[in-house]
Amino acid sequence: MANIKSAKKRIKVIATKTERNKAIKSEVKTYIKKVEAAVAAKDAAAAKEALVVTTKKIEMAASKGIYHKNNAARKVSRLAKAVNSIA
């Protein structure tokens, strides 16, 4: 256990940030599943609508440093490719 005040603060701050990152990652995964479900159901309109929202969520997560920019780009690209395959 840390004895120095600043080290104790860092532990608290890191725990807070970890919780925030987990919540955002979980939210992104949920939106990705919605897009994939629409693609599986061959519902082009719902898939395109879900893709727009999901892309925004992924890009916001990348801007906050939760995902690396290349990881975010790969996720968006794969989803877009899947949605375009049913259009």
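Preceding this section is the structure that the text describes.
Here goes a summary of the coordinates provided. Everything quoted here is computed from the prediction, not taken from an experiment.

This part is about the nonpolar core. Nonpolar side chains in soluble globular proteins tend to be buried together. Formed by 18 residues in total, the largest nonpolar core has its most connected members in Val-28, Val-35, Val-39, Ala-47, Ile-58, Leu-79 and Val-83. Listing elements by their share of this core, those giving two or more residues are helix H1 (5-40), helix H2 (44-63) and helix H3 (69-86). With six residues, H2 is the single largest residue contributor to this core. If we skip the residues at most four places from it in the chain, Leu-79 touches Ile-32, Val-35, Glu-36, Leu-51, Thr-54 and Ile-58.

Remark: H1 packs on H2, axes separated minimally by 9 Å, with the N-to-C direction vectors making an angle of 160°. Comparing the axis directions of H1 and H2 gives the class roughly antiparallel. In this structure, H1 meets H2 at a crossing whose hand is left-handed. On H2, the residues touching Ile-24, Glu-27, Val-28, Tyr-31, Ile-32, Val-35, Ala-38 and Val-39 of H1 are Ala-46, Ala-47, Ala-50, Leu-51, Val-53, Thr-54, Lys-57, Ile-58 and Ala-61. Residue classes in the contact of H1 with H2 are distributed as 14 nonpolar, one polar and two charged.

Examined against the element boundaries, Thr-54 turns out to sit in helix H2. With a relative accessible area of 1%, Thr-54 lands in the buried category. Beyond its immediate sequence surroundings of up to four residues, Thr-54 is in contact with Tyr-31, Ile-32, Val-35 and Leu-79.

Moving on: unusual backbone geometry. Its identity as a non-glycine residue notwithstanding, Lys-42 has a phi of 60°, on the positive side. As for its placement among the helices and strands, Lys-42 is situated in the loop between H1 and H2.

So, on to the pattern of salt bridges. Scanning the entire structure with this criterion turns up one salt bridge. Here Glu-27 ties to Lys-57 by a salt bridge, and the two come within 3.2 Å at their closest N and O atoms. Of this pair, Glu-27 sits in helix H1 while Lys-57 sits in helix H2; the two residues are 30 residues apart in sequence, bridging distant segments of the chain. Judged by its relative accessible area of 32%, Glu-27 is partly exposed.

Calculation criteria
Residues numbered from 1 in each chain as written. Predicted model: local features only at pLDDT ≥ 70, side-chain atom pairs only at ≥ 80, totals over all residues. Heavy atoms only, no water. Core = buried A, V, L, I, M, F, W, Y, C linked by side-chain atoms within 4.5 Å. Buried < 20%, exposed > 50% of the residue type's maximum accessible area, 1.4 Å probe, protein only. Helix = DSSP H or I, 4+ residues; strand = E, 2+ residues; numbered from the N terminus. Contact = heavy atoms within 4.5 Å. Axes fitted to C-alpha atoms, helices over the stretch in contact; angles between N-to-C directions. Parallel < 35°, antiparallel > 145°, perpendicular 65-115°, else oblique. Left-handed = near helix turned anticlockwise from the far one by under 90°. Nonpolar A, V, L, I, M, F, W, Y, C, P; charged D, E, K, R; others polar. Salt bridge = Lys/Arg side-chain N within 4 Å of Asp/Glu carboxyl O.

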